[in-house]
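A closer look at the structure
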Number of protein chains: 2
Amino acid sequence: MASTGTAKKTEGEQPSKETAIRVPNPHLQKMKEDVLYHLALGTGTHNLPALFGDVKFVCTGGSPLRMKAFITSIAKEMAIGSPACDLPNICAATDRYAMYKAGPVLALSHGIGMSSIATMLHELIKLLHHAKCSNVIIIRIGTSGGIGLEPGSVVITKQAVNASFKPQLEQMVLGKSVLRNTDLDEKLAEELLECGKELHQFNTVIGNTMCTLDFYEGQARLDGAICSYTEEDKMKYLKAAHEAGVRNIEMESAIVAAMCNLSGIKGAVVCVTLLNRLQGDQITSSHEALVEYEERPQKLVGQFLKKRLGGK
Amino acid sequence: MASTGTAKKTEGEQPSKETAIRVPNPHLQKMKEDVLYHLALGTGTHNLPALFGDVKFVCTGGSPLRMKAFITSIAKEMAIGSPACDLPNICAATDRYAMYKAGPVLALSHGIGMSSIATMLHELIKLLHHAKCSNVIIIRIGTSGGIGLEPGSVVITKQAVNASFKPQLEQMVLGKSVLRNTDLDEKLAEELLECGKELHQFNTVIGNTMCTLDFYEGQARLDGAICSYTEEDKMKYLKAAHEAGVRNIEMESAIVAAMCNLSGIKGAVVCVTLLNRLQGDQITSSHEALVEYEERPQKLVGQFLKKRLGGK
């Protein structure tokens, strides 16, 4: 099945014009060599265009094991590589991140939180630039806490919002506050929503995602080691978030949005909700249920890749 | 060798009075069960007092492999367990964090950045509380960028400072800004400095540590995917940091300080500097040199544990 979206030439899902990776950093061209330290790769030690030049889709999630399971299923689906052979971890020289490749699909882990994913994305975007990749899409697939949705629902992020529900990310650069836009690609979100609906296996919605610095206090949980607010305060805050269009909470979406926007990459965030935060804080579903929930964003993005790649 | 510090009864290195873990969260006592989701442990599934009741020292670093190497060397040094047997990963049911135990020493990984270490520390502090531990010390051992120090120097943090060089951490709680104190335990820092000096193997200093949200722009690097400032701007900022007492930069110290302060735990941060940021941004030392540098905080904390535990 080929993608059907052709609304605008420059913004359609499969533009004919090649869109190169933008690295808004004039200093890079002066560097003789670039060591991508946390990925254990580099321009002086690896032939990045040969290794990564064909990459069109980057899928990233918190857990290395989940990324390995994802790429194994994609490789099987696309009949890439031998089913008997494990795909190797390209970043095996470090245990910071794990990276796997199957044809034009790269899967890599990002750990927990904005600092962890930001460090990886800086090096990934430079890698894609050095490898002369074009028309790249980055999709985060992950888990989150839902607001007002039944557990197991999948949320595709429209805007990543901050603790005040605003679509912006504040970063400190040389001690000064810089605000960045955190809108995600609207057409890509709609295409992903369509893929979710086609599967007919779980509830899929587009909504805003609140991106926080921590899992407990930042997400208004009552069950962290530290908590200075009441249950009423919490509920008032979560309900205000819901009214502002927030449908789930996680810790990475704002960086994905901000960095994709700055480097001319289409970005998406697809997260399953493990619980409904209006009902509680602890993740108490059975191990089996959680494993099945965690597979849902992978299934949805698998459907998307099948359609995109099957049409070629 | 026993510790010699006895200046104040309540603040000495080995107080006779038991200091319990404080969990400043009144909601915890109402919970029937506590699922420590990211550690794959819980009060309903594990006998936490039996498993962890004797823990006195928690050592935490970014990399799971480094933590395994650390606990293996500590176990050997203390003659705990069989040298032929691997110590098991207590969090083996998840790949978010790895945890190992040798007698009173717990070693666990924290990933990259404040969100990652905060999530772990919330659950660790609850674990220590549920296990009825007392007089616990938490030490982060890690890597960092140095300012004005020769690479390979070890910095013991006095205060974790923000991008404006102030000893405070801003956290968003229910959409409101909360400022937290990021001083670390002064006596513990001095004791660790003494241990470094006794080893006579590398330069050890006490200084302030700047804790940032990201590795590239937040640390004034010129070699990220995104950079909007000049080399002059960068140098001016790093020199101002040095004048304010900053000796190294990393991404976790402020959370360690803030959370230890709030829960009545003595905390320390001991990081080796992999480069001198006044000389460059890229980590280009040989693999062998970096491996040796990374072992230095472990050696220093190993010396500290030997003295503390040998004196019992």
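Note that the structure is a prediction, hence the values are computed from the model and not measured.

This part covers the domain arrangement of chain A. All names here are of chain A. Here chain A is partitioned into domain 1 (1–6 + 20–135) and domain 2 (142–312). Here the C-alpha centroids of domain 1 and domain 2 sit 22 Å apart. With 27 residues of domain 1 in contact, the opposing surface of domain 2 contributes 29 residues. Surface buried jointly by domain 1 and domain 2 totals about 2,400 Å² across both partners, of which 74% is contributed by carbon and sulfur atoms. Across the contact surface, domain 1 and domain 2 share 2 salt bridges. When the shortest N-O distance is used, the salt bridge between K306 and E77 registers 3.8 Å. Taken together, domain 1 and domain 2 are joined by 5 residue pairs in polar contact (both at pLDDT 80 or more).

Further remarks concern the packing of helix α4 (residues 186–199) of chain B against helix α7 (residues 287–310) of chain B. Residues and elements named next belong to chain B. It is the contact of α4 with α7, at a shortest axis distance of 9 Å, that shows an interaxial angle of 105°. Between α4 and α7, the crossing angle belongs to the class labelled roughly perpendicular. Residues L188, E191, L192, C195, G196, E198 and L199 of α4 touch α7, and the partners they reach there are K299, L300, Q303, F304, K307 and R308. Residues of the contact of α4 with α7, tallied by class, amount to 6 nonpolar, 2 polar and 5 charged.

One frequently used descriptor of interface size is the decrease in accessible area upon assembly of the parts. Contacts between the two partners involve 69 residues from chain A, matched on the other side by 69 residues from chain B. For the pair chain A and chain B, the summed buried surface comes to about 5,700 Å²; carbon and sulfur atoms form 58% of the total. Taken as a group, I112, L174 and A225 of chain A account for 13% of the area that chain A buries against chain B, more than any other trio of residues on that side. Our enumeration of links across chain A and chain B arrives at 2 salt bridges. Where chain A packs against chain B, one counts 26 residue pairs in polar contact (both at pLDDT 80 or more). Looking at the side of chain A that touches chain B, the elements that each hand over two or more residues are α2 (64–77), α3 (114–130), β8 (168–173), α5 (231–243), α6 (253–262) and α7 (287–310) of chain A. Per-element accounting of the side of chain A that touches chain B gives the leading share, 9 residues, to α3 of chain A. Residue composition of the side of chain A that touches chain B, by class: 34 nonpolar, 20 polar and 15 charged.

Next up on the list: the environment of C211 of chain B. All names here are of chain B. Relative to the helices and strands, C211 resides in strand β10 (residues 204–211). With relative accessibility at 8%, the residue C211 sits in the buried group. Residues C211 and F165 lie 46 residues apart in sequence; the distance between their C-alpha atoms is 9.2 Å. Excluding anything up to four places from it in sequence, C211 contacts M114, V161, N162, E250, M251, E252, S253 and A254.

Looking now at the relation of the copies chain A and chain B. Superposing the two chain copies requires a rotation about an axis and a translation along that axis. The transform that puts chain A on chain B rotates by 180° and translates by 0.0 Å along the axis, for an RMSD of 0.0 Å. Taken together, the rotation and translation relating the two chain copies correspond to the operation of a two-fold axis. Comparing interface residues between copies, 100% of those in chain A also sit at the interface in chain B, which points to an isologous, same-surface contact.

Turning next to the confidence of the model for chain A. Residues and elements named next belong to chain A. The pLDDT averaged across chain A works out to 92; a share of 94% of its residues lies at or above 70. Contacts of residues 1–15 to residues separated by more than four positions or lying in other chains number 23 contacts, the stretch itself having pLDDT below 50. Among the prediction metrics, the complex's ipTM stands at 0.91, with pTM recorded as 0.92.

Further remarks concern α5 of chain A. All names here are of chain A. Its 13 residues give α5 an end-to-end C-alpha distance of 18 Å, which sits within 8% of 18 Å, the value for a rise of 1.5 Å per residue. Listed as buried for α5 are K234, M235, Y237, L238 and A241. Buried residues along α5 cover an arc of 165° about the axis, so they all sit on one side. Among the exposed residues of α5, those oriented more than 90 degrees off its buried face are E232, K236 and E243. For α5, the elements touching its buried residues are β10 (204–211) and β11 (246–250). Residue G245 follows α5 closely and has a positive phi angle near 95°.

So, about the UniProt feature "binding site: phosphate" (unreviewed entry) in chain A. Following the UniProt record, one finds the feature "binding site: phosphate" (unreviewed entry) at R96, R140, I141, G142 and T143 of chain A. As for its placement among the helices and strands, R96 of chain A is situated in the loop between α2 and β4 (99–102). With near-sequence residues (within four places) excluded, R96 of chain A lies in contact with H38 of chain A together with G62, S63, R66, I112 and T143 of chain B. Tracing the backbone shows T143 of chain A in strand β6 (residues 137–146).

A separate point is the UniProt feature "binding site: substrate" (unreviewed entry) in chain A. Residue and element names in this part refer to chain A. Those places that UniProt annotates as "binding site: substrate" (unreviewed entry) correspond, in this numbering, to Q219 and R221. For Q219, the location among the structural elements is in the loop between β10 and α5. A relative accessible area of 2% places Q219 in the buried class. Relative to the helices and strands, R221 is located in the loop between β10 and α5. Contacts of R221, omitting those with residues within four sequence positions, involve F215, Y216, C227, Y229, L275, R277, D281 and I283.

Criteria and thresholds
- Residues numbered from 1 in each chain as written.
- Chains lettered and ligands numbered in written order.
- Predicted model: local features only at pLDDT ≥ 70, side-chain atom pairs only at ≥ 80, totals over all residues.
- Heavy atoms only, no water.
- Domains from an automatic or database assignment.
- Contact = heavy atoms within 4.5 Å.
- Buried area = accessible area lost by both parts, 1.4 Å probe.
- Salt bridge = Lys/Arg side-chain N within 4 Å of Asp/Glu carboxyl O.
- Polar contact = N/O pair within 3.5 Å; in protein donor to acceptor, adjacent residues only side chain to side chain.
- Axes fitted to C-alpha atoms, helices over the stretch in contact; angles between N-to-C directions.
- Helix = DSSP H or I, 4+ residues; strand = E, 2+ residues; numbered from the N terminus.
- Parallel < 35°, antiparallel > 145°, perpendicular 65-115°, else oblique.
- Nonpolar A, V, L, I, M, F, W, Y, C, P; charged D, E, K, R; others polar.
- Buried < 20%, exposed > 50% of the residue type's maximum accessible area, 1.4 Å probe, protein only.
- Least-squares fit on C-alpha atoms with pLDDT ≥ 70 in both.
- pLDDT = per-residue confidence, 0-100.
- Expected span 1.5 Å × (residues − 1).
- Arc of directions from axis to C-beta.
- UniProt positions renumbered as here; feature names shortened; annotations may be inferred.

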